[in-house]
Amino acid sequence: MKRNIKTLAIIFSVVLNIVFTGAYLYHRLDTDLSIDHHFANRRHLLYEELNLSQEQLNKIEPIRDRFHAFLDLQGYAIQEKRLELVDLLARENPDRKEIDDKQKKIRALQGQMQAKVIDHLLEESRIFTTEQRTKFFALIKGRIEKNDNPRPRWMSHPEIKPSEGRR
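These lines cover the structure that appears in this document, whether it is placed above or below. Computed from a prediction, not measured in an experiment: that's the story for all the values here.

## Observations concerning helix α3 (residues 96–125)
Okay, step 1: With 30 residues, α3 ought to run about 44 Å at 1.5 Å a step, and its terminal C-alpha atoms sit 43 Å apart, in line with that.
Okay, step 2: Within α3 the residues assigned to the buried category are Ile-99, Lys-102, Ile-106, Leu-109, His-120, Glu-124 and Ser-125.
Okay, step 3: Contacts from the buried residues of α3 go to α2 (54–90) and α4 (130–146).
Okay, step 4: The distance from a side-chain oxygen at the start of α3 to the backbone nitrogen of Lys-97 is 2.9 Å, and the residue carrying that oxygen is Asp-95.

## A closer look at the layout of surface pockets
Okay, step 1: Quantified by volume, the largest pocket comes out at close to 660 Å³.
Okay, step 2: Around the largest pocket sit 17 residues that line it, and Phe-67, His-68, Leu-71, Val-117 and Arg-143 are the ones nearest its centre.
Okay, step 3: When residues of the lining of the largest pocket are traced back to their parent elements, those giving at least two are α2, α3 and α4.
Okay, step 4: The element best represented in the lining of the largest pocket is α3, accounting for seven residues.
Okay, step 5: Along the lines of polarity and charge, the residues of the lining of the largest pocket split into eleven nonpolar, three polar and three charged.

Basis of the calculations
Residues numbered from 1 in each chain as written. Predicted model: local features only at pLDDT ≥ 70, side-chain atom pairs only at ≥ 80, totals over all residues. Heavy atoms only, no water. Helix = DSSP H or I, 4+ residues; strand = E, 2+ residues; numbered from the N terminus. Expected span 1.5 Å × (residues − 1). Buried < 20%, exposed > 50% of the residue type's maximum accessible area, 1.4 Å probe, protein only. Contact = heavy atoms within 4.5 Å. Polar contact = N/O pair within 3.5 Å; in protein donor to acceptor, adjacent residues only side chain to side chain. 1 Å grid on protein atoms, 1.4 Å probe; cavity = no way out; pocket = protein on both sides within 12 Å on 5 of 7 lines; lining within 4 Å. Points joined across faces, edges and corners; volume = space filled by probe spheres on them. Nonpolar A, V, L, I, M, F, W, Y, C, P; charged D, E, K, R; others polar.

Listed below in structure tokens is the structure:
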């Protein structure tokens, strides 16, 4: 009887180990596939679709790196001001003037970012051939048109389609 209990315990232990190992591998594989799927669906940088020469790439890469560094810094500055705005709004008795001032600062930072984006697009497009430049701006326009949700992701979709709302 003791021998049967020991045998059953060993079998039960082996089965549990197999189940746990299988579950771990299944979830690990699922995670790896999700990561691969994410990278497969990643949007390529626009200039990657333009068949640029090595000389053009050598010119664009430092411009791109400076631009992305600016976007990071400016994005953090805007985020900081937004958090400060939320703190102002959350006060027991919010001061409308302080709120308006903070909003002006946020709009100024966003305006600087928009100006930098435009400067960047113009600077990069000077490096392209006429055909590449045409394709570049067509790709930008296409991405804007594909973005059918002007609201933040956490909000529900509007009932009116964008093309109907513009009429």
